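# Topology and contacts: notes
Spelled out from the first residue to the last, the chains are:
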Amino acid sequence: MSTQGLDEFAGWVEGLMRARGYDIDSPRGGGKSRIADEAGVHRAAVTRLLQRQSMPDLETMRRIAPLLGVSVRDMLIRSGRVTPEELPLAADLLPPGDWQPTMEDFARWLGVPDERMDVFVKVVHQFLEPEPKAGESRPVGESRRAAQD
């Protein structure tokens, strides 16, 4: 990580700490100790970041992020460890709202080989066919499809 990147990230974190009421500016303010205690991290990790000596590790970011009101994703992106493309939001991965997956889609997601696709689809459709209505019975051993014919 570049010195400039560390400086920008530390400046961003400082602003978040101040906005959340942590007194990190006065020597006896206790803000660094308080955030370290509340996050369950070493005070040295907070101090090293604020003094621009080192970037916090993943566990420290994971613990500090909620105290500062940001997501771990935002912290990781701001730190330069990942890009937004490397850590997309879940909503970015979802298909359009009107899209209905097919049995073939499910088979592909499950890793069903192409040569077994037809068998997978037929078997799954058997489970999805409606049960007999109340009062109707199906002879023992008769398939649902045969009972409907």
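In short, a report on the structure. If you're wondering where the values come from, they're calculated on a predicted model, not measured in any experiment.

Let's shift gears to the overall build of the protein chain. What the protein chain contains, in helices and strands, is 9 helices and 0 strands. Here the protein chain holds 149 residues, and 27% of them are scored as buried. Contacts in the protein chain between residues at least 24 apart in sequence constitute 39% of all its contacts with a sequence separation of at least 6. Split by element, the accessible area of the protein chain, about 10,400 Å² in all, is 53% carbon and sulfur.

The next point concerns helix H1 (residues 3-19). The terminal C-alpha atoms of H1 lie 24 Å apart, and with 17 residues this matches the ideal 24 Å at 1.5 Å per residue to within 8%. For H1, the set of buried residues is Gly5, Leu6, Phe9, Ala10, Trp12, Val13, Glu14, Leu16 and Met17. Buried residues along H1 sit in contact with helix H2 (31-39), helix H3 (43-50), helix H4 (58-68) and helix H5 (72-79). Trailing H1 by a residue or two, Gly21 shows a phi angle of about 90 degrees, which is positive.

Moving on: the packing of H1 against H5. Between H1 and H5, the least distance of the axes is 9 Å, while the angle of their chain directions is 145 degrees. Contacts from Phe9, Trp12 and Val13 in H1 reach Asp74, Met75, Arg78 and Ser79 in H5. Grouping the constituent residues of the contact of H1 with H5 by class yields 4 nonpolar, 1 polar and 2 charged.

Scanning the entire structure with this criterion turns up 2 aromatic pairs. Ring centres of Phe9 and Trp12 lie 5.9 Å apart, and the angle between their planes is 40 degrees; this geometry places the pair in the tilted category. On the criterion of helical spacing, the pair formed by Phe9 and Trp12 is a turn pair, its members being 3 residues apart in helix H1. Residue classification places Phe9 among the buried positions, given a relative accessible area of 1%.

Counting 24 residues, the largest nonpolar core has Phe9, Val13, Met17, Val46, Leu68 and Met75 as its most contacted members. Counting residues per element, the ones that place at least two in this core are H1, H2, H3, H4 and H5. Top contributing element to this core by residue count: H1, with 7 residues. Excluding residues within four positions of it along the chain, Leu68 makes contact with Val13, Leu16, Met17, Arg20, Tyr22, Ile35 and Met75. By size, the runner-up hydrophobic cluster in this structure holds 6 residues, among which are Met103, Val112, Met117 and Phe120.

Parameters at a glance
Residues numbered from 1 in each chain as written. Predicted model: local features only at pLDDT ≥ 70, side-chain atom pairs only at ≥ 80, totals over all residues. Heavy atoms only, no water. Helix = DSSP H or I, 4+ residues; strand = E, 2+ residues; numbered from the N terminus. Buried < 20%, exposed > 50% of the residue type's maximum accessible area, 1.4 Å probe, protein only. Contact = heavy atoms within 4.5 Å. Areas by Shrake-Rupley, 256 points an atom, 1.4 Å probe, with all protein chains shown as cover. Expected span 1.5 Å × (residues − 1). Axes fitted to C-alpha atoms, helices over the stretch in contact; angles between N-to-C directions. Nonpolar A, V, L, I, M, F, W, Y, C, P; charged D, E, K, R; others polar. Phe/Tyr/Trp six-rings, centres within 6.5 Å; stacked < 30°, edge-to-face > 60°. Core = buried A, V, L, I, M, F, W, Y, C linked by side-chain atoms within 4.5 Å.

Any functional reading would require information that these geometric values do not contain.
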